[in-house]
Amino acid sequence: MLQLDHVTLAQGAFRLTADWSAKPGSRIAVMGPSGAGKSTLLSAIAGFLVPNSGRIRWQGEDLTDVPPGERPVTILFQDQNLFPHLTVAQNLGLGLRADLRLTPQDRSRVDEALARVGLQGMGPRRPAQLSGGQASRAALARALLRARPILLLDEPFAALGPALRAEMLKLVREVADETSALVLMVTHDPQDALALGGDLAFVSDGQVQSPVETRALLAHPPPDVQAYLG
Amino acid sequence: MASRARPLNLTAPALAVLLLALVLAPLAAVGWRGAGISLGPADWSAVRFSVSQALLSAAFSTLLAIPVARALARRRFPGRAALITLMGAPFLLPAVVAVIGLLAIFGRSGVLNQALVAVGLPPISIYGLHGVVLAHVFLNLPLATRMILQGWLSIPAERIRLAQSLGFGPAETFRHLEWPMLREVLPGVALVILVICLTSFAVVITLGGGPSAATIELAIYQAVRFEFDLGRAAGLAGLQLMVGGVAALAAWILTRPAGFGAGLDRTLALPTPRGWRRGIDGVALTLSALFLALPLAAVLWRGLPGLSDLPASVLPAAGRSVLVALTSALIATSAALILALAAARRPRPIIEAAATLPLATSGLVLGTGLFLLIQPFAPPISLALPVTILVNVALSLPYLYRILLPETRALHSDYGRLADSLSLRGWSRLRWLVLPRLARPLGFGAGIAAALSMGDLGVIALFAGERQATLPLVVSQLTGAYRTEAAASAALILVTLSFALFWAFDAGGRRVAA
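Residues numbered from 1 in each chain as written. Chains lettered and ligands numbered in written order. Predicted model: local features only at pLDDT ≥ 70, side-chain atom pairs only at ≥ 80, totals over all residues.

A closer look at the overall build of chain B
Quick reminder of the rule: In this description a helix means any DSSP run of H or I spanning at least four residues, a strand means any run of E spanning at least two, and both kinds are numbered starting from the N terminus. All radius of gyration figures rest on C-alpha atoms, and the globule criterion is 2.2 Å times the number of residues raised to 0.38. A residue is called partly exposed when the number of other C-beta atoms within 10 Å of its own lies between 12 and 20, exposed at 12 or fewer, and buried at 20 or more, with C-beta atoms placed from the backbone. Placing C-beta atoms from the backbone, we regard two residues as in contact once those atoms come within 7 Å.
Check the secondary structure of chain B and you find 20 helices and zero strands. In terms of C-alpha radius of gyration, chain B reaches 24 Å, essentially the compact-globule figure of 24 Å for 514 residues. When the backbone C-alpha atoms are referred to their principal axes, chain B occupies close to 75 × 65 × 50 Å. Counting only residues that meet the buried cut, chain B has 49% of its 514 residues in that class. Sequence separation of 24 or more characterises 86% of the internal contacts of chain B that already satisfy a separation of 6 or more.

Dropping the structure here:
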């Protein structure tokens, strides 16, 4: 259970509160206007921001003092998900061992993960030699290797076209199924939220509302969601 | 919003404290010993000479650089890139080598005087105020040119386009585009050169001298080496600190780095007036190129024949110099990297202070302080090389820090979170993120530190005996003894080693980064 217990994040006049919890394995789209605080929420769960008050817990354990890399979390950013000076295989290897001292088993796991996302044989390449979609696949392959129980997606596919984005969402669902991960995905697009399935947490007026089933919410949107959808 | 609480990392603050102590302890020793020492008329004359030669050097370097920079900014010709590169070289050129080159051209039996005598004119002397200023202009004209050229190239393309559409001639262009830029850039340029000339020692020890042409730095050296009057040396060091330190900190705060190595090119060219203005630009470029290239060519010309018959002191001194240069470059680069990485995460006053304070000092000021600290416990001569290494580390640290900080900041903002989310820490972070991403600036910075340290003549002159002499000291001694050919040969070896060290580090960094 991911528990956001009276969490408050403040920065100058900006305030964001969240007070709800989510079961392991659930799929939650985080949607709302620009600047509402969607990325701020993910940053706090990933461990880059400390809440001003309240607690973030996973399976009852308080995460406040756990550094980002040791949290039960994998996060995909909008960009810069791969180190450009390392090969694709090394970038994936970092998900297994930070010192990159990989055993032969580790290496074959990297190859399997690459094959799983449709990048077989691309391990020796540098990220600059990949297309945008391939780079996203590589980042998802690393999430597969890390197999952390929470997967945070901070609009990593925003720069991709609609068809490619739909493909990536399918891959996200598969990766989440294979690792039984709880997915929190920031998006602007109701279609993406529907494609992810599961619930939708709407962010507005400094509050992350409790997740509600996406299909139902979009079918009968309350006024603030309706205003956002236009 | 608070950023994540991290386990407190004390490496960088501890290092900063250590570096501050390295500078502050000698300064305290100078203050303690020098307080209440009454200085005589000779000392005040040294202050006057220091300031006036620095003012003249700064004024001439800056004014002469204006036409050269303008010609480089608005003309395109074969060899332009090479000339701009040549302008970067004197920053790494050991001052003792420059002096030898200038002596070969302007000295007693130099090319110029031979020509003057041949046509029946009286010979000129290079020693004294004008010689010191000449050498300082030689060493700093290129720096001034590059800084002013940067100013010219930073005039926005939109404004040039506007000027062209309004039909501005050269006079209007100067009044509305060039003069406002110059008014902004020139004071900084002059201040930087003033600071460099205030702490110049290698030039003055050869071309200055005598009661009428001694700087404070030279007076410190004479007080320590010839008069054994440490109280007076400390008093003078205090004076130097006040005169040079204030100017140095002002220059550091007021100016941006000259950005050597940056691509000095742009797509929209400045208007290129024809007629006599074209002639002026040609003359400025030709004269400056000759002024810079001839003395260097003379070192080569005079030094080559003697290479087979070097004085016995040269090779061991070269070995010591390389050792000093490599050690201090390694320590200074590591220290600057640790400080810059920590400052990129979170700016801290103590780190800023440790990386800036050495600028206020000079090799001889720190040297005098360390001499005072060491003397009660050990003969200073026994620690000549370690002290030289430490002082070189302190003096090159501010430059390295300034080179590395923008790079560590970019690294932190681009990849800091990704690295944190993957638990990339300690050695793994260094090995897989920092070193590969920063190889280029690290190589460049280490190259600069090594070359500066290789060519530096300062603190070593206070401490060294026969068996501790570094190569610049040997060159300076040979020049002082009028052994012209041997000095030129040793200078040739010195300049080759300096540039080789710079090249090796810089190319190494580029290779790793590629």
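From this point, the discussion proceeds with the structure in view.
Looking at the overall build of chain A
The helix and strand inventory of chain A stands at eight helices and 11 strands. Rg of the C-alpha trace for chain A: 18 Å, near the compact-globule value of 17 Å for 230 residues, within the 12% margin. Dimensions along the principal axes, computed over C-alpha positions, put chain A at roughly 55 × 40 × 30 Å. Looking at chain A as a whole, 43% of its 230 residues are labelled buried. Taking the contacts inside chain A whose residues are at least 6 apart along the sequence as the reference set, 65% of them involve residues at least 24 apart.

Considering the interface of chain A and chain B
To keep things clear, this is the line we draw: By the convention adopted, Pro, Cys, Tyr, Trp, Phe, Met, Ile, Leu, Val and Ala count as nonpolar, Lys, Arg, Asp and Glu as charged, and the other residues, Gly among them, as polar.
Contact with chain A, which involves 24 residues of that partner, is made by 20 residues of chain B. Here the side of chain A that touches chain B takes three residues from strand β1 (residues 2–11) of chain A, the largest share from any one element. Of the residues belonging to the side of chain A that touches chain B, the class tally is 14 nonpolar, eight polar and two charged.

Let's talk about the nonpolar core
Our working definition: By definition, a nonpolar core groups buried Ala, Val, Leu, Ile, Met, Phe, Trp, Tyr and Cys residues that are joined through C-beta atoms within 7 Å. The start and end points of each domain follow an automatic or database-based domain assignment.
By size, the foremost hydrophobic cluster in this structure holds 159 residues, and its most contacted members are Val99, Leu339, Ala490 and Ala491 of chain B. Two domains share this core, each providing at least three of its residues, namely domain 1 (1–36 + 306–514) and domain 2 (40–214 + 254–303) of chain B. Filtering out sequence-adjacent residues up to four positions away, Ala490 of chain B remains in contact with Leu310, Val314, Leu471, Val474, Val475 and Leu478 of chain B. Of all hydrophobic cores here, the second largest spans 75 residues; its members include Leu2, Ile28, Val30 and Phe202 of chain A.

Some remarks on the domain arrangement of chain B
Residues and elements named next belong to chain B. Segmenting chain B into domains produces domain 1 (1–36 + 306–514) and domain 2 (40–214 + 254–303). Computed from C-alpha coordinates alone, the two centres of domain 1 and domain 2 are separated by 27 Å. On the domain 2 side, the residues contacting the 28 residues of domain 1 number 19 residues. At the level of secondary structure, the elements contributing two or more residues to the side of domain 1 that touches domain 2 comprise α15 (363–374), α17 (426–455), α19 (471–480) and α20 (484–513). Considered class by class, the residues forming the side of domain 1 that touches domain 2 number 15 nonpolar, 11 polar and two charged.

Structural notes on helix α5 (residues 111–118) of chain B
With zero of its eight residues buried, α5 of chain B lies for the most part at the surface. Just downstream of α5 of chain B, Gly120 of chain B is the residue with a positive phi angle, here 85°.

Some words on the packing of helix α7 (residues 157–165) of chain B against helix α8 (residues 170–198) of chain B
Residue and element names in this part refer to chain B. To be explicit about the condition: Lines fitted to the C-alpha atoms define the axes, with helices restricted to the stretch that makes contact. Angles between their N-to-C directions range from 0 to 180 degrees. Geometric relationships in this document are graded by angle, where less than 35 degrees denotes roughly parallel, more than 145 denotes roughly antiparallel, 65 to 115 denotes roughly perpendicular, and other angles denote oblique. For a crossing to be left-handed, the near helix must be turned anticlockwise from the far one by less than a right angle; the clockwise case is right-handed.
Relative to each other, α7 and α8 sit at 160°, their axes nearing to 11 Å. By the angle between their directions, the pair α7 and α8 is classed as roughly antiparallel. For α7 against α8, the interelement crossing comes out right-handed. Counting all contacts with α7, which are made through Arg159, Ile160 and Ala163, the residues of α8 involved are Thr173, His176 and Leu177. In the contact of α7 with α8, the residues fall into three nonpolar, two polar and one charged.

Examining the pairing of strand β9 (residues 199–204) of chain A
Within a regular strand, side chains alternate between the sheet's two faces. All names here are of chain A. What counts here: By this definition, two strands are paired if DSSP reports at least two bridges between them.
The element β9 is extensively covered by neighbouring structure, given that five of its six residues are classed as buried. Note that strand β3 (residues 27–31) and β9 share four bridges and pair parallel. The residue of β9 that forms the bridge with Val30 is Ala201. As paired elements, β9 and strand β11 (residues 212–213) share two bridges and run antiparallel to each other. Bridge pairing links Asp199 to Glu213 in β11. As consecutive antiparallel partners, β9 and strand β10 (residues 207–208) are separated by two residues, and within that stretch Asp205 has a phi angle of approximately 50°, a positive value.

Focus on the environment of Ala247 of chain B
All names here are of chain B. With respect to the helices and strands, the residue Ala247 is situated in helix α11 (residues 230–254). Under the C-beta neighbour-count criterion, Ala247 is labelled buried, with 22 such atoms within 10 Å. Between the C-alpha atom of Ala247 and that of Leu385, which follows or precedes it by 138 residues, the distance is 29 Å. If near-sequence neighbours (up to four positions away) are discounted, Ala247 is found in contact with Leu191, Leu194, Val195 and Leu198.

Notes on the environment of Leu326 of chain B
Residues and elements named next belong to chain B. Checked against the element boundaries, Leu326 lands in helix α13 (residues 314–345). Leu326 sits in the partly exposed class, given 18 other C-beta atoms within 10 Å. The spacing of Leu326 and Ile100 is 226 residues in sequence and 25 Å in space, taken between C-alpha atoms.

Structural notes on unusual backbone geometry
Residue and element names in this part refer to chain A. At Gln80, a position not held by glycine, the phi torsion is positive, near 55°. For Gln80, the position within the fold is in the loop between β6 (73–76) and α2 (88–93). Looking at Gln80, the number of C-beta atoms within 10 Å reads 15, which means it is partly exposed. Unusually for a residue other than glycine, Asp205 sits at a positive phi of about 50°. If you trace the backbone, Asp205 turns up in the loop between β9 and β10. Residue classification places Asp205 among the exposed positions, given that 12 C-beta atoms sit within 10 Å.

Focus: the pairing of β1 of chain A
All names here are of chain A. Bridge count between β1 and strand β2 (residues 14–22): eight bridges; the pairing is antiparallel. Of the residues in β2, the one forming a bridge with Ala10 is Arg15. Here β1 runs beside strand β4 (residues 53–58); their pairing, made up of five bridges, is antiparallel. Bridge pairing in β4 places Leu2 opposite Trp58.

Comments concerning the packing of helix α4 (residues 95–106) of chain B against helix α6 (residues 129–153) of chain B
All names here are of chain B. Two numbers describe how α4 lies on α6: the axes approach to 10 Å, and their chain directions differ by 120°. In terms of axis orientation, α4 runs oblique to α6. With respect to the hand of their crossing, α4 and α6 are arranged in right-handed fashion. Taking contact as the criterion, the partners of Ala95, Ala98, Val99, Leu102 and Phe106 in α4 are, on α6, Leu134, Ala135, Phe138 and Leu139. Residues of the contact of α4 with α6, tallied by class, amount to nine nonpolar, no polar and no charged.

Describing the environment of Val99 of chain B
Residue and element names in this part refer to chain B. Along the chain, the position of Val99 falls in helix α4. By C-beta crowding, Val99 is classed as buried, having 32 other C-beta atoms within 10 Å. Remark: the alpha-carbon pair of Val99 and Leu471, spanning 372 residues in sequence, is separated by 15 Å.

Things to note about the confidence of the model for chain B
All names here are of chain B. We count it as follows: The predictor rates its confidence in each residue with pLDDT, a number between 0 and 100.
On average, chain B scores 88 in pLDDT, and the residues at 70 or more come to 95%. In the model of chain B, α7 stands out as the element of lowest mean pLDDT, 78, in contrast to α13, which has the highest, 96. With pLDDT under 50 throughout, residues 1–5 is counted as low confidence; its partners more than four residues away or in other chains account for 13 contacts. Every residue in residues 257–265 is under pLDDT 50, and counting partners more than four places away or in other chains gives 13 contacts. Listed scores for the predicted complex are pTM 0.86 and ipTM 0.86.

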